[in-house]
Amino acid sequence: MVNVAILGFGVVGSGVYEVITKNNEIIKQRAGKKINVKYILDIRDFSNHEAANLFVKDFDTILNDDSVEIIAEVIGGATFAYECTKKALLKGKNVVTSNKELVAKYGHELLQIAKENNVKYYFEASVGGGIPIIRPLKTCLSANQICEICGILNGTTNYILSQMINNDKTLEEALKEAQEKGYAERDPSADIEGHDASRKICILSSLAYGKRVDSDKIYTEGITKLSLEDVKLASKFGYVIKLLGHCKKVGDMLDVEVSPALVPKHHPLAPVEDVFNAILVNGDAVDDTMFYGRGAGKLPTASAVVADVIDIAKSDGFDPSLMWTDEGSDKIIDHLDSKKKFFIRLEGVKDVQTIKSNFDAVDVLNEKNECVFITGIMSEKDINDKLTALNSKIVSKIKVI
């Protein structure tokens with residue numbers, strides 16, 4: 001039997017307990033031993049819960065119980081969760097987590113501590129919720145050099161954009177609806193400003209390339225500047241707009257960022273709608289593979305947490321396939337030097353030939369008092385310099401994949 005302690009009994013924590021309890025016999029068969037929840041840590045009162053006898057308020061109770069082999073940290077945040085995780089690893093306990101903020105910020109340190117203490121630190125649920133992506137990267141795709149990762153990593157923003165694309169709703173209307181349905185928090189800034197997706201692409205990039213990618217150095221732009229008119233005009237060019245986390249190897253550098261982007265309607269990511277996520281991984285041997293599903297939610301996320309528990313129960317010791325060093329955080333290309341196509345809306349410019357010659361644009365639309373076009377492949381710095389020289393008002397500037 002393997003004893004597990006759950007830290008935090010919110011949405012995900014209660015889901016972890018539910019999955020372990022409901023599927024206990026199946027889990028026992030797959031793990032080769034019974035998985036038993038011995039403690040649940042939460043400062044709130046759950047005296048009426050069926051598992052009331054399992055609740056404790058002092059983490060030291062768990063830490064000092066040598067029979068607890070695995071800790072499921074689903075508290076969130078990067079302060080108390082960090083302290084608990086570090087203490088547990090130092091004590092020789094395995095830890096699994098869904099905490100993307102913690103893994104993005106301290107993953108390199110916590111993995112090193114796990115290695116030094118011959119235990120595991122697993123975080124499948126931190127990126128895609130119920131979508132398997134960490135495990136495939138470290139096992140199924142381990143024979144590949146990962147060339148590129150591009151994905152819709154946040155269900156809230158994808159829901160909002162889907163409403164704008166399909167139902168002509170403004171961003172504000174779609175966000176309000178997302179909050180009413182429980183897809184967006186009362187304070188939605190982590191989602192709509194791109195920070196959630198930034199942490200996730202940080203984790204994927206670090207794992208794929210074996211070197212720490214500092215989330216503070218990733219250019220991050222959310223969807224707050226997008227308008228319904230951007231969505232409609234993008235459609236005229238044959239694109240939909242998605243918030244993408246993107247990482248690409250360029251020589252010995254990494255091009256990593258989070259931003260809205262125009263996606264061709266025939267692209268595999270284009271039809272991914274509502275709260276669903278999708279991650280496209282390109283390997284030098286396997287070419288393109290895509291992972292699709294619900295990127296968040298109580299039971300999908302709990303499913304990934306418990307899967308990590310099962311993996312740990314089946315084998316002892318540190319997992320060398322899940323590791324990155326603290327080097328390389330300075331190897332990220334400045335987003336202004338990254339070369340891409342751009343979708344641009346300008347006010348006050350009517351000369352199509354000037355646009356075509358300056359921006360290598362093929363298709364140019366004159367809409368009302370705007371000139372709308374897609375540039376050739378250029379650095380954002382060059383784009384900005386040319387736009388400044390035109391002395392016109394920039395209504396929108398969005399990357400194109």
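Residues numbered from 1 in each chain as written. Predicted model: local features only at pLDDT ≥ 70, side-chain atom pairs only at ≥ 80, totals over all residues. Heavy atoms only, no water.

Is there a simple way to think about the pairing of strand β1 (residues 2-7) in this case?
Moving residue by residue along a regular strand, the side chains alternate between the two faces of the sheet. Counting buried residues along β1, six of its six residues qualify, which places the element largely inside the surrounding structure. Alignment of β1 against strand β2 (residues 35-41), held across six bridges, turns out to be parallel. What sits directly across from V4, in β2, is V37. In the sheet, β1 pairs with strand β4 (residues 68-73) via five bridges, with the strands oriented parallel. Directly across from L7, in β4, lies its bridge partner E73. (Buried < 20%, exposed > 50% of the residue type's maximum accessible area, 1.4 Å probe, protein only. Helix = DSSP H or I, 4+ residues; strand = E, 2+ residues; numbered from the N terminus. Pairing = 2+ DSSP bridges.)

Where do I start with the sheet that holds strand β5 (residues 94-97) in this structure?
In any sheet, the strands associate via hydrogen bonds between backbone groups, in a parallel or an antiparallel arrangement. Strands sit in the order β3-β2-β1-β4-β5-β6 across an open sheet of six strands; the sheet is parallel. The outermost strands of the open sheet, each flanked by one partner alone, are β3 (55-56) and β6 (121-122). Lying on the sheet, helix α1 (residues 11-22) is in contact with β1 and β2; it crosses β2 at an angle near 155 degrees. (Contact = heavy atoms within 4.5 Å. Axes fitted to C-alpha atoms, helices over the stretch in contact; angles between N-to-C directions.)

I'm lost on helix α5 (residues 100-116) in this one. Help?
Residues three or four positions apart in an α-helix share a direction because the helix packs 3.6 residues into each turn. Taking 1.5 Å per residue, 17 residues should reach 24 Å; α5 reaches 22 Å between its end C-alpha atoms and fits that length. At Y106, α5 shows its maximal kink, close to 80 degrees. By the burial criterion, the buried members of α5 are L102, V103, A104, Y106, G107, H108, L110, L111, I113 and A114. For α5, the capping residue at the N-terminal end is N99, with a side-chain oxygen 3.3 Å from the backbone nitrogen of E101. Of the residues trailing α5, N118 is marked for its positive phi of about 55 degrees. (Expected span 1.5 Å × (residues − 1). Bend = angle between axes of the 7 residues up to and from the residue. Polar contact = N/O pair within 3.5 Å; in protein donor to acceptor, adjacent residues only side chain to side chain.)

Could you clarify how one ought to interpret the pattern of salt bridges in this entry?
Where charged atoms from two side chains of opposite charge come close, those side chains can pair. A complete count under the given rule lists 22 salt bridges for this structure. For the salt bridge of D385 with K381, the shortest nitrogen-to-oxygen distance reads 3.4 Å. With D385 and K381 both in helix α15 (residues 380-390) and four residues apart, the pair spans about one turn of that helix. Classification of D385 as partly exposed rests on a relative accessible area of 42%. Classification of K381 as partly exposed rests on a relative accessible area of 43%. Three or more residues joined by partner-sharing salt bridges are found here, namely E124, R135, D308, D311 and K314. (Salt bridge = Lys/Arg side-chain N within 4 Å of Asp/Glu carboxyl O.)

So what exactly am I meant to see when it comes to the nonpolar core here?
Nonpolar side chains in soluble globular proteins tend to be buried together. In this structure, I62, Y121 and L204 are the most contacted members of the largest nonpolar core, which totals 117 residues. Once residues lying within four places of it in the same chain are set aside, the contact partners of L204 are V127, I133, I134, L137, I149, L153 and I279. (Core = buried A, V, L, I, M, F, W, Y, C linked by side-chain atoms within 4.5 Å.)

Where do I start with the packing of α5 against helix α11 (residues 195-209) in this structure?
What describes two packed helices is the angle between their axes and the distance between those same axes. Running from N to C, α5 and α11 cross one another at 50 degrees; their axes reach a closest spacing of 9 Å. Of the possible angle classes, the one that applies to α5 and α11 is oblique. Classified by chirality, the crossing of α11 by α5 is left-handed. Seen from α5, the contacting residues are K100, E101, V103 and A104; seen from α11, they are D196, R199, K200, C202 and I203. (Parallel < 35°, antiparallel > 145°, perpendicular 65-115°, else oblique. Left-handed = near helix turned anticlockwise from the far one by under 90°.)

Is there a simple way to think about the pairing of strand β13 (residues 339-347) in this case?
Where β13 and strand β16 (residues 378-379) come together, two bridges link them in antiparallel fashion. Bridged to K340 within β16 is M378. Sheet analysis places β13 next to strand β17 (residues 393-400), joined by seven bridges and oriented antiparallel. Considered in β17, the bridge of F342 is made with K399. Of the pairings in the sheet, the one linking β13 to strand β15 (residues 370-374) comprises five bridges and is antiparallel in character. Bridging from a neighbouring strand, E347 pairs with E370 of β15.

Before we go on, may I ask you to explain α15 in this structure?
Those residues of α15 not exposed but buried are E380, I383 and L387. Buried residues of α15, seen end-on, are gathered within an arc of 55 degrees and therefore sit on one face of the element. Residues T388 and A389 are exposed on α15 and point more than 90 degrees away from its buried face. Packed against the buried residues of α15 are β13, α14 (352-359), β16 and β17. Looking one or two places after α15, you find N391, whose phi comes out positive at around 55 degrees. (Arc of directions from axis to C-beta.)

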